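The primary structure of each chain is shown beneath.
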Amino acid sequence: MIGAGIIGMTTAYELVADGHEVTVFERRGSVASEASFANAGVISPGHAVPWAAPGMPKKVLHRLLTRHAPIRVHASSSPGEIAWMWRWWRACNLRTFEANRLRMQRLVHFSRERLHRLTRDLKMDYERSDGCLLLLRTAKEHAAVQPGLAWLAESNTRVEWLDAARCRVVEPGLSDETPLHGGVYLPADEVGNCRQFATLLRGEAQRLGVRFRFHTQVQKIVAGKSPQLLHMYSPPDESTVLMNVAADSTPTDAQDTEPMPMRPVTEDFDQVVVCAALDSTPLLRPHGLKLPMQAVYGYSITAPLRRLDAHGDIGPRSAVTDERYKVTVSRLGARLRVAGGAEIGGLPPRHDPKAIETLYKVLHDWFPGSARLSQAQVWKGARPMLPDGPPVVGRSGIEGVWLNLGHGSNGWAMACGSARLIADGVAGRAPAIDIEGLGVERLLT
């Protein structure tokens, strides 16, 4: 198996729990060290809808040049990114949106059920809390979300409309100084530390026999009835060291990295599951499979909550999302995380100061003085996005190779369900949900 992000970790666990022998190859020195590292932590079926929606191109263009634009497109975008945006634009029609929304909803609801079962069976504690409050600053914003609320009602999602006073009952720490029209409360949504969950699941997977090959770059897949992986061990580089230092109380994995020879190694396997997000592209392209997957970067800041007195703090109880700026403020134990933004193009190491400024603005608007910002960690991660919304989960069309890719901003919300679908497929069992539209053929027509 290739990749040890949240998608790879859940897949590895489901496969080993079914009795398979599993080896995981990961180029970093630990699990969940890239796109899964510091996301918002929200699992919200209500927010699991395609970005490719009717009216979205107009909204994006309208706000593209504003100071706190939720989506930013760099002028230096590559031809691949421009082609991706063209396919995204073509998918922004009602028929395509409706089909993909239903596919995503089926998967995210199933995934949440599977997450709850794993949490209960394995007795996992990963800084979990319940509920998500969508804040609407004006009546105009309230009117704009009405179609989305109707879609939620159709999917039997619990939704409560709250006026400003009731919003502050649900989240007492909300500032009185920022104008608030009201909010949409989703009591069945939840927050959890994605990386902590992945780390705990790694321990369970190892207990069942999963072998991890960290700092190992897979260079080639040789397809066949017994597919082969050509890989090479790479020593930790500076970025890996920094990633481990910045981890949420998770120690570095350098001490348990398996010694590997400094030369290419080829190994045979019965099946290969590719969960390597954007790194999957060069592995699949030689086999004629060119997935339209691009990086859409998101940002977050994480800081300790400021304790005011013996009664606690003034941070969020669970998660609060600002509808105008598409930024979420979440509680993760004794810390607060502010996450949002969607950046297309640019350089991965470069942080856009305007995107980070927007995160701080939303935090100061709703929870001023709630965090020790002198200790804040700033993060930028690449979401592996497909232009029309749903991921690809299932057979690749390449002999012996399976795919679990392209979850975008919903990886944490869809991970457990996607992993179970892969495990059932490898075992030849019927899937627990309708998987129509989740196959790679959707993107090849």
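Here is what the cut-offs are and how they apply
Residues numbered from 1 in each chain as written. Predicted model: local features only at pLDDT ≥ 70, side-chain atom pairs only at ≥ 80, totals over all residues. Heavy atoms only, no water. Helix = DSSP H or I, 4+ residues; strand = E, 2+ residues; numbered from the N terminus. Polar contact = N/O pair within 3.5 Å; in protein donor to acceptor, adjacent residues only side chain to side chain. Contact = heavy atoms within 4.5 Å. Axes fitted to C-alpha atoms, helices over the stretch in contact; angles between N-to-C directions. Parallel < 35°, antiparallel > 145°, perpendicular 65-115°, else oblique. Left-handed = near helix turned anticlockwise from the far one by under 90°. Nonpolar A, V, L, I, M, F, W, Y, C, P; charged D, E, K, R; others polar. Buried < 20%, exposed > 50% of the residue type's maximum accessible area, 1.4 Å probe, protein only. Pairing = 2+ DSSP bridges. 1 Å grid on protein atoms, 1.4 Å probe; cavity = no way out; pocket = protein on both sides within 12 Å on 5 of 7 lines; lining within 4 Å. Points joined across faces, edges and corners; volume = space filled by probe spheres on them.

As for the side chain of Ser36
Phase 1: Note that Ser36 resides in the loop between β1 (23-25) and β2 (42-43).
Phase 2: Engagement of the side chain of Ser36 in a polar contact is seen with the backbone nitrogen of Ile6, the distance being 3.0 Å.
Phase 3: Every residue in contact with Ser36, bar those within four places of it in the chain, is listed here: Gly5, Ile6, Cys194 and Arg195.

A word on the packing of helix α1 (residues 6-17) against helix α8 (residues 194-207)
Phase 1: Relative orientation of the contacting elements α1 and α8 amounts to 30 degrees, with a least axis distance of 9 Å. Relative to α8, α1 is oriented roughly parallel. Pair α1 / α8 crosses with left-handed handedness. Taken together, the residues of α8 that come into contact with α1 (itself represented by Ile6, Met9, Thr10, Tyr13 and Val16) are Cys194, Phe197, Ala198, Leu201, Arg202, Glu204 and Ala205.
Phase 2: For the contact of α1 with α8, a count of residues per class yields nine nonpolar, one polar and two charged.

As for the pairing of strand β20 (residues 401-405)
Phase 1: Where burial is concerned, most of β20 is hidden: five out of the five residues are buried.
Phase 2: Of the two faces of β20, the one carrying Val401, Leu403 and Leu405 and the one carrying Trp402 and Asn404 are both buried.
Phase 3: Sheet analysis places strand β11 (residues 272-274) next to β20, joined by three bridges and oriented parallel. The residue of β20 that forms the bridge with Val272 is Val401.
Phase 4: In this sheet, β20 lies alongside strand β19 (residues 392-395) in antiparallel orientation, the contact comprising four bridges.

Thoughts on the sheet that holds β11
Phase 1: Taken together, the three strands give an open sheet; going across it, the order is β11-β20-β19, and neighbouring strands pair in mixed fashion. On the outer flanks of this sheet lie β11 and β19, each paired with one strand and no other. The mean inter-strand angle of the sheet, taken between neighbouring strand axes irrespective of direction, is 15 degrees.
Phase 2: Lying on the sheet, helix α12 (residues 411-427) is in contact with β11, β19 and β20; it crosses β20 at an angle near 170 degrees.

Thoughts on empty space enclosed by the protein
Phase 1: Per the counting criterion, the structure on display carries two cavities of 30 Å³ or more.
Phase 2: Its boundaries defined by the atoms lining it, the largest cavity holds a volume of some 100 Å³.
Phase 3: Surrounding the largest cavity, 15 residues form its lining, Ala69, Pro70, Gly341, Ala342 and Ala355 being those nearest its centre.
Phase 4: Elements supplying a minimum of two residues to the lining of the largest cavity: β3 (71-73), β12 (294-304), β17 (335-344) and α11 (353-366).

Looking at the packing of helix α4 (residues 94-122) against α12
Phase 1: Contact pair α4 / α12: the axes reach a minimum separation of 7 Å and the direction vectors enclose 85 degrees. In terms of orientation, α4 lies roughly perpendicular with respect to α12. For the pair formed by α4 and α12, the contact residues are Met104, Leu107, Val108, Phe110, Ser111, Arg114, Leu115 and Leu118 on the first element and Trp412, Ala413, Met414, Ala415, Cys416, Gly417, Ser418, Arg420 and Leu421 on the second.
Phase 2: Grouping the constituent residues of the contact of α4 with α12 by class yields twelve nonpolar, three polar and two charged.

Geometric values such as these leave the question of function open.
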